[in-house]
Every structure is written in C-alpha cells, then in structure tokens.
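Residue-level structural notes
Okay, here's what each chain looks like letter by letter:
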Amino acid sequence: MIQRTFLRQSRAFSSSVRSATKAPLLRSQFLPTNRSLARPTAASRWYATEPEAKKVDETKEEGKNGEEDPVKKELEAKSKEITDLKDKYLRSIADFRNLQERTKREMQAAKDFAIQKFAKDLVDSVDNLDRALAMVPEEKLNKEEKNEHLQDLVSLYEGLKMTENILMQTLKKHGLERFDPSVEGEKFNPNEHEATFMTPMQGKEDNTVFHTQQKGFKLNGRILRAAKVGVVKNK
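No experiment lies behind these values; they were computed from the predicted model shown. (Residues numbered from 1 in each chain as written. Predicted model: local features only at pLDDT ≥ 70, side-chain atom pairs only at ≥ 80, totals over all residues. Heavy atoms only, no water.)

**So, the overall build of the protein chain**
Inclusion rule: Secondary structure elements follow DSSP: runs of H or I no shorter than four residues count as helices, runs of E no shorter than two count as strands, and numbering proceeds from the N terminus.
In terms of regular secondary structure, the protein chain is built from 5 helices and 6 strands. Going residue by residue from the N terminus, the α and β elements of the protein chain occur as α-α-α-α-α-β-β-β-β-β-β.

**Details of the pattern of salt bridges**
Let me state the cut-off plainly: Salt bridges are counted wherever a side-chain nitrogen of Lys or Arg sits within 4 Å of a carboxyl oxygen of Asp or Glu. For every residue, the accessible area obtained with a 1.4 Å probe (protein chains only) is divided by the maximum for its type, and the residue is called buried under 20%, exposed over 50%, and partly exposed between those limits.
One pass over the full model with this rule turns up 7 salt bridges. The partner of Arg91 in a salt bridge is Asp87, with the nearest N and O atoms 3.1 Å apart. In this pair, Arg91 and Asp87 are both assigned in helix α2 (residues 33-112), 4 residues apart and thus about one turn of the helix distant. A salt bridge links Glu164 to Arg178, with the shortest nitrogen-to-oxygen separation between them at 3.0 Å. One end of the pair, Glu164, is in helix α5 (residues 148-173); the other, Arg178, is in strand β1 (residues 176-179), with 14 residues separating them in the sequence. Taking the relative accessible area as the measure of exposure, Glu164 reaches 2% and is therefore buried. With relative accessibility at 24%, the residue Arg178 sits in the partly exposed group. Among the charged side chains, a network of salt bridges with common partners joins Lys161, Glu164 and Arg178.

**Considerations on the packing of aromatic side chains**
What counts, and what does not: In this scheme Phe, Tyr and Trp rings, the latter by its six-membered ring, pair at centre separations within 6.5 Å, and the angle between planes marks the pair as stacked below 30 degrees, edge-to-face above 60, and tilted otherwise. Criterion for a charge above a ring: Arg CZ or Lys NZ at most 6 Å from the ring centre, at most 35 degrees from the ring normal.
Following the criterion strictly, the structure yields 1 aromatic pair and no others. Aromatic side chains Phe197 and Phe210 sit 5.7 Å apart centroid to centroid with 80° between the ring planes, which places their arrangement in the edge-to-face category. Separated by 13 residues along the polypeptide, Phe197 in strand β2 (residues 193-199) and Phe210 in strand β3 (residues 209-214) bring together distant segments of the chain. Residue classification places Phe197 among the partly exposed residues on the basis of a relative accessible area of 29%. Given a relative accessible area of 24%, Phe210 falls into the partly exposed group. Here the guanidinium or amino end of Lys218 rests over the ring plane of Phe179, the centre of that ring lying 5.3 Å away. We note Arg222 situated over the ring of Phe113; from NZ or CZ to the ring centre the distance is 3.6 Å.

**Let's talk about the sheet that holds β1**
For the record, the criterion: At least two DSSP bridges between two strands are needed for those strands to be called paired. Helix axes are fitted only over the stretch in contact, all axes being lines through C-alpha atoms; the angle between N-to-C directions runs from 0 to 180 degrees. Residue contacts are counted whenever heavy atoms from the two residues lie within 4.5 Å of one another.
With respect to topology, 3 strands assemble into an open sheet ordered β1-β4-β5, the strand pairing being antiparallel. Only two strands of the sheet have a single neighbouring strand rather than two, namely β1 and β5 (222-225). Sheet twist, expressed as the mean angle between neighbouring strand axes with direction ignored, is 35°. Judged from the 3 bridges that link them, strand β4 (residues 216-219) and β5 form a sheet pairing that is antiparallel. By the bridge assignment, Leu219 is partnered in β5 with Arg222. Helix α3 (residues 116-134) contacts β1, β4 and β5 of the sheet and is inclined by roughly 55° relative to β5.

**Notes on the environment of Asn191**
Within the secondary structure layout, Asn191 lies in the loop between β1 and β2. The sequence separation of Asn191 and Ala226 amounts to 35 residues, and the corresponding C-alpha distance is 7.7 Å.

**Some remarks on the pairing of strand β6 (residues 227-232)**
Every other side chain in a regular strand lies on the same face of the sheet, so the side chains alternate between the two faces. When you tally the buried positions in β6, you get 5 out of 6 residues, the bulk of the element. The sheet contact formed by β2 and β6 spans 6 bridges and is parallel. Note on β6: the bridge partner recorded for Thr199 is Val232. Where β3 meets β6, 4 bridges bridge the pair, whose relative direction is antiparallel. Counted as the bridge partner of His211 is Gly230 from β6.

Now the structure itself:
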C-alpha cells in the first residue's frame, strides 16, 4: 500500500511539472509579438532621442554662430573701410583748401610785386629829383627881396616840388612808398636801415638814426631798398 501511494504521488508530481513547463511555451506562442517588441523599442527611442535632440540643437547653435561670425567680420571691415574713406575725404578737402589759400596768396603776391623791377629802376629817378630839390638853399627860397633870377629859381623849385609830390602820390597808389627814418629819430632797425657810419652825439640815445644819406622805399610793406643812415653811438 505504501509503495502504491508513493508511486501515485510521484506520477502526479511529474505530471504537474510537465504541465507547468508546457504552459509558458503555449503562452509564448499565442502572445502578440508587438507587445514584447514595443516596450524595449519605446524605451530605446526615449533614451536615444533626448541626446540626439541635444546634438541637433547644438549643431543648430553652432551653425548660427558660424553664420554670425562672417557677417560681423564683414560689418567691421566695411565700417573700417568707411572710416578710412572718410579720413581720406577730409584730408583731400583740407589739402584742396590749403592749395586754394596758397594759390590765392601767391596770386596776390604776384599782383603786389609785379612792378618790383620797374619800381627799382624808378627809384633812382626819384632820388635824382630829390637831390635837385635839395641843392636849392633855403635862404634863397625864404629871401624877402627877390630879383628876376631868384624868382625864376623859386618858380623852378616849386614846379619840381609839385612834380615830386604828384609822382609820390602816384607811386603810393601802386604800393611804392618812400620813408626817411631821421625825420622822427627812429631807432636803428637792421631790417629797414643800413648803417653807413656811427658817431657819438650828446643829447641823443644810442642806436638812434640822426642822419639819412639815402631814403628808403617800401613796396606793399616789403622793403624794396633799405635807407642808408648815420646812427648815434655814445658808448
């Protein structure tokens, strides 16, 4: 009896084991394949798409940065080029204005000193006229009783004096002026005067012009001929 019961229990156990091993096989055959495949693929897609999206965003940002750099460089180059062109433009305007001013000054100087050579030649004639007037003594001019010859001399002197005055007025209109530094006792100026001798004189300061041997001339403010003078030298 004991053996029979043992055999029955062993058979029942073996049959239950067999049925348990067959059940998962049958279930695996009839279960849908989509459910078993969907889960891992869904998980793989979830974990795979996030870094890929980050990579795509990074590539887009890199692309944007790469596009902005050349534009910025081009703008900087254009702004630098504009600055250089503006500087050149302003420099050219300044050079042109300087050229205009220089040309204007040169034209004015050419106009003012066009008669310089003629004036130098004319100065000698004016000197001769001045010497002729200086040869007439003042006593004869101021004498109360005048004979016929003395009256003729006075008339000649007055005619020459009038001629000299008209000539000097005409020359002054054209910028030629005569100056005598001894009239006002001017200080010696080496730019305008030429000292021919120096001598001590009481009552006068040093370097004072007291005598004029030859009067000077100026043409439009420029010395045409320096005056030859005597200068006081007390020390």
